[in-house]
Number of protein chains: 2
Amino acid sequence: MKKKSVGKVFLIGAGPGAADLITVRGLRLLQSADCVLHDALVSPELLAEAKQAELIAVGKRCGKLSSAQHFINKQLVDAAHKFPIVVRLKGGDPMLFGRAEEEIAALEAAGIEYEIVPGVTAALAASAAMAAPLTQRGVARSVAFITPSVGESQPNNAWENQTIAADTLVFYMGRRVAAEIAQRLLGLGRAQDWPVAVIEQASWVDQRVQYTDLGSLAHITDCVTWSDAPTLIVMGEVLRQRQQSALQVEVALQRLWMA
Amino acid sequence: MKKKSVGKVFLIGAGPGAADLITVRGLRLLQSADCVLHDALVSPELLAEAKQAELIAVGKRCGKLSSAQHFINKQLVDAAHKFPIVVRLKGGDPMLFGRAEEEIAALEAAGIEYEIVPGVTAALAASAAMAAPLTQRGVARSVAFITPSVGESQPNNAWENQTIAADTLVFYMGRRVAAEIAQRLLGLGRAQDWPVAVIEQASWVDQRVQYTDLGSLAHITDCVTWSDAPTLIVMGEVLRQRQQSALQVEVALQRLWMA
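Residues numbered from 1 in each chain as written. Chains lettered and ligands numbered in written order. Predicted model: local features only at pLDDT ≥ 70, side-chain atom pairs only at ≥ 80, totals over all residues. Heavy atoms only, no water.

**Re the packing of aromatic side chains**
Part 1 of the argument: Across all of its chains, the model carries five aromatic pairs over all chains by this definition.
Part 2 of the argument: Where B:Phe145 meets B:Tyr172, the ring centres are 5.9 Å apart and the plane angle is 50°; that geometry is what we call tilted. With B:Phe145 in strand 6 (residues 142-146) and B:Tyr172 in strand 7 (residues 168-172), the pair connects residues that are 27 residues apart, well separated along the chain. Like B:Phe145, the residue B:Tyr172 is buried in the burial classification.
Part 3 of the argument: Through successive ring pairs, a cluster of aromatic residues spans A:Phe97, A:Phe145, A:Tyr172, B:Phe97, B:Phe145 and B:Tyr172.
Part 4 of the argument: Here A:Arg190 stacks its cationic end above the ring of A:Trp194, 3.8 Å away from the centre of that ring. (Phe/Tyr/Trp six-rings, centres within 6.5 Å; stacked < 30°, edge-to-face > 60°. Helix = DSSP H or I, 4+ residues; strand = E, 2+ residues; numbered from the N terminus. Buried < 20%, exposed > 50% of the residue type's maximum accessible area, 1.4 Å probe, protein only. Lys NZ or Arg CZ within 6 Å of the ring centre and 35° of its normal.)

**Quick look at the nonpolar core**
Part 1 of the argument: Core analysis: the largest hydrophobic core is formed by 47 residues, its most contacted members being A:Leu134, A:Phe145, A:Val170, B:Leu134, B:Phe145, B:Val170 and B:Tyr172.
Part 2 of the argument: At six residues, the largest contribution of residues to this core is made by helix 5 (residues 122-130) of chain B.
Part 3 of the argument: With sequence-adjacent residues up to four places away left out, B:Val170 is seen in contact with B:Ala123, B:Leu134, B:Val143, B:Ala144, B:Phe145, B:Ile146, B:Leu232, B:Ile233 and B:Val234.
Part 4 of the argument: In terms of nonpolar packing, the next biggest core, distinct from the first, is built from 42 residues, A:Ala18, A:Ala33, B:Ala19 and B:Val87 among them. (Core = buried A, V, L, I, M, F, W, Y, C linked by side-chain atoms within 4.5 Å. Contact = heavy atoms within 4.5 Å.)

**Section: the relation of the copies chain B and chain A**
Part 1 of the argument: In screw terms, the move from chain B to chain A is a rotation of 180° and a rise of 0.0 Å along the axis, fitting with an RMSD of 0.0 Å. Put plainly, the chains are arranged around a two-fold axis.
Part 2 of the argument: Take the interface residues of chain B: 100% of them recur as interface residues in chain A, which is what a same-surface contact looks like. (Least-squares fit on C-alpha atoms with pLDDT ≥ 70 in both.)

**Points about the interface of chain B and chain A**
Part 1 of the argument: Listed as interface residues are 58 residues of chain B and, on the opposing side, 58 residues of chain A.
Part 2 of the argument: Contact between chain B and chain A buries roughly 4600 Å² in total, counting both sides, with carbon and sulfur atoms accounting for 57%.
Part 3 of the argument: Taken together, chain B and chain A are joined by 22 residue pairs in polar contact (both at pLDDT 80 or more).
Part 4 of the argument: Within the side of chain B that touches chain A, the residues separate by chemical class into 29 nonpolar, 16 polar and 13 charged.
Part 5 of the argument: Bridge count for strand 6 (residues 142-146) of chain A against strand 6 of chain B is five bridges, and the pairing is antiparallel. Of the residues in strand 6 of chain B, the one forming a bridge with A:Ala144 is B:Ala144. (Buried area = accessible area lost by both parts, 1.4 Å probe. Polar contact = N/O pair within 3.5 Å; in protein donor to acceptor, adjacent residues only side chain to side chain. Nonpolar A, V, L, I, M, F, W, Y, C, P; charged D, E, K, R; others polar. Pairing = 2+ DSSP bridges.)

**Quick notes on the side chain of B:Gln243**
Residue and element names in this part refer to chain B.
Part 1 of the argument: Looking at where Gln243 falls in the secondary structure, it is placed in helix 9 (residues 240-258).
Part 2 of the argument: Side-chain polar atoms of Gln243 contact the backbone oxygen of Thr212, separated by 2.8 Å.
Part 3 of the argument: For Gln243, the side chain forms a polar contact with the side chain of Gln244, separated by 3.1 Å.
Part 4 of the argument: Filtering out sequence-adjacent residues up to four positions away, Gln243 remains in contact with Asp193, Pro195, Val196, Tyr211, Thr212 and Asp213.

**Section: unusual backbone geometry**
Residues and elements named next belong to chain B.
Part 1 of the argument: You will see that Phe97, though not glycine, has its phi angle at about 55°, which is positive.
Part 2 of the argument: Inspection of the secondary structure puts Phe97 in the loop between strand 4 (85-90) and helix 4 (100-109).
Part 3 of the argument: Residue Phe97 is classed as buried on the basis of its relative accessible area of 14%.
Part 4 of the argument: Residue Arg99 is not a glycine yet carries a positive backbone phi of 55°.
Part 5 of the argument: Within the fold, Arg99 resides in the loop between strand 4 and helix 4.
Part 6 of the argument: Assessed through its relative accessible area of 5%, Arg99 is described here as buried.

**Some remarks on the side chain of A:Asp39**
Residues and elements named next belong to chain A.
Part 1 of the argument: Within the secondary structure, Asp39 is located in the loop between strand 2 (35-38) and helix 2 (44-47).
Part 2 of the argument: The class for Asp39 is buried, based on a relative accessible area of 18%.
Part 3 of the argument: Of note is the side chain of Asp39, whose polar atom sits 3.0 Å from the side chain of Arg88.

Structure (structure tokens):
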């Protein structure tokens, strides 16, 4: 079925950011790669492991033009005709919000052998950073990972109806629409004090966790205090204890300054 | 805040099964551990990496008695008072269906320093095994991970209401109640032909993927054809193409036998 005369492509999850959060299998393949097509967000430290490989940056840092994806698909197929071991290194896990289906379809159409190596998705690194599990016995038995389509017209497929009811919500790529997400969830009956965490650069050295609640998130008028870094928004009762502790520390600090 | 005189505990995700799907950080810590408390499902190959460690099996293979969890918490705290580097190795990711919150609370109460190292969760290994992403542009922008509480009385917190609406559903620990899950989803309006995949032992050498649909799953009267292995049930349009191809192969094979 699949030609062996061309190279093999490995779609590898680079993990959430820190270079040593790639899997052992992923690292070994990267070290043996002849060509690496990588996202913009992949750590330079990780790319340095691909010592004998030609590196090709294909990441779309912002925006998601399908022409760009189409070009990546073509580059991937071309690379497999040139190199024995081709690695397609994607941030997080390749199968979650990674548009892997389009790259897989292109490889299958071209008869190129491929293998998928899963990775640690950002939500799990965020959970580790907070020391707050995404599920918790008696509190949360479901968690939904979502890319919001705020502003888009999707009458039969609205993201808020899809996901409002899960115990814990994790929004990927929701930074710019955070306030609108919060407003919609409040409109659907979620409480003002529902705990929220905003996690930037989970697992990177400049990782940052900020706690708030749904009511406050709804009133953020701009995101100037937020960097342009990859950001996750996590919501749910599982965060309650961490959020309360963080707020207590904040109050204590304010008292110290005022004293 | 945290005492340095006692050991440090690392809660590490072992990943979905295959020994080389642990993270590089997780493996390095495992190799330097003085004591490893591990789940029953962790690969022996991985445990062999902890060469100088005392190994303690604490996994609850079936059932989830809180007394057992309480005992694990105690063992963890005791180990930190005996060894400098203690690893708590949990299947998948520690923060997803891992009851990590109880172990974290015990460590915090005892003033023991800890760190969480995320892992690849089984759903992502299952997705890789199927070569079917859990999200897909224009098809699925949300995925919910759920442990079903079928049979339990939870009027205000029913799992099916929590999650019915996500585009892709992944049930952890749902093997024994698969038919009931399907019946409930059909009752809530999901189509008979909604694609379903049952993935056993994702990423292990004896990994198995079976495709079916919601209507067929609802009529499974027993699970004798299923092993006792860790099983995920994935549902969603993202599986449609793989499911169709699998069914076509099945029909072709039947024709061959009949010819």
